[in-house]
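Structural description and commentary
One-letter residues, chain by chain:
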Amino acid sequence: MSGADSQVAVSPTASARPPSPLHGQGPAVAVVALGGAIGACARYGAGLLWPTATGTFPWTTFGVNALGCAVIGVFMVVITEIRPAHRLVRPFFGTGVLGGFTTFSTYTVDIQRLVDHGRAPVALAYLAATPVAALLSVWAAAALTRRTVNLRDRRTR
């Protein structure tokens, strides 16, 4: 038997590992993590500056969520309709910073705490008001951004 006969042919793909689900996503994951840390710190800071007393309407979380949704409305109009952005801007700012800043998990904890403190009517009002305020905020901010850009465009013609 010659040396050539004793060698086993190996397919080039047989030893290759399948790509990781995160293959090529490292930069996006990194900017989401960085943005999320920044947004969460901003939210934490808002809670320190405007603390909510136990059993009262959680105005800070309500305001943070409404403000964050308004900024999302402006941001999405700007990067999708006005000026294209680098591929990492949306994951960094939209998903990371604003996702870390807005806090719908705290919203649910706030509702539970209100119920636990016998404040079910306040919890119910907060439960209803938050998604309404969030949707109105994103819609109004997007509409105002479009209107502002359209006015500016008409003036420059």
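Let me begin by describing the structure that accompanies this report. All values reported here derive from a predicted model rather than from experimental measurement.

A word on the overall build of the protein. Counting its regular elements, the protein contains five helices and zero strands. Sequence separation of 24 or more characterises 75% of the internal contacts of the protein that already satisfy a separation of 6 or more. Accessible surface, the protein: about 10600 Å² in total, of which carbon and sulfur atoms supply 66%.

Let's shift gears to the side chain of D110. Position of D110 relative to the elements: it lies in helix α4 (residues 104–116). Buried and unpaired, D110 has R113 as its nearest opposite-charge partner, separated by 4.4 Å. Look past the residues within four positions of D110 in its chain and what remains in contact with it is P58, T61 and Y126.

Moving on: helix α3 (residues 89–101). Here α3 has its buried residues at P91, G96, V97, L98, G100 and F101. Where α3 is buried, its residues contact α1 (26–49) and α2 (59–82).

Attention shifts here to the nonpolar core. With ten residues, the main nonpolar core is built from F57, F62, A66, Y107, I111, L114, V122, A123, Y126 and A133. When contributions to this core are tallied by element, the ones reaching two or more residues are α2, α4 and α5 (120–156). With four residues, α5 is the single largest residue contributor to this core. In contact with A133, other than residues within four places in its own chain, are F62 and A66.

Once that is clear, we can look at the packing of aromatic side chains. Any aromatic ring pair is given by two values, namely how distant the centres are and how the planes are angled relative to each other. Applying the stated criterion across every chain, the model contains seven aromatic pairs. With a centroid separation of 4.3 Å and an interplanar angle of 45°, the aromatic rings of F57 and W59 are classed as tilted. Look at F57 and you get buried, because its relative accessible area is 15%. Ring centres 5.3 Å apart and planes at 65° place the aromatic pair Y107 and Y126 in the edge-to-face group. Remark: Y126 occurs in helix α5 and Y107 occurs in helix α4; sequence separation between them is 19 residues. Exposure remark for Y126: the relative accessible area of 0% places this residue in the buried category. In this structure an aromatic cluster arises from ring pairing among F57, W59, F62, F104, Y107 and Y126.

Rules of the game
- Residues numbered from 1 in each chain as written.
- Predicted model: local features only at pLDDT ≥ 70, side-chain atom pairs only at ≥ 80, totals over all residues.
- Heavy atoms only, no water.
- Helix = DSSP H or I, 4+ residues; strand = E, 2+ residues; numbered from the N terminus.
- Contact = heavy atoms within 4.5 Å.
- Areas by Shrake-Rupley, 256 points an atom, 1.4 Å probe, with all protein chains shown as cover.
- Buried < 20%, exposed > 50% of the residue type's maximum accessible area, 1.4 Å probe, protein only.
- Lys, Arg positive; Asp, Glu negative; His and termini not counted.
- Salt bridge = Lys/Arg side-chain N within 4 Å of Asp/Glu carboxyl O.
- Core = buried A, V, L, I, M, F, W, Y, C linked by side-chain atoms within 4.5 Å.
- Phe/Tyr/Trp six-rings, centres within 6.5 Å; stacked < 30°, edge-to-face > 60°.

Keep in mind that these numbers describe shape and distance, not what the molecule does.
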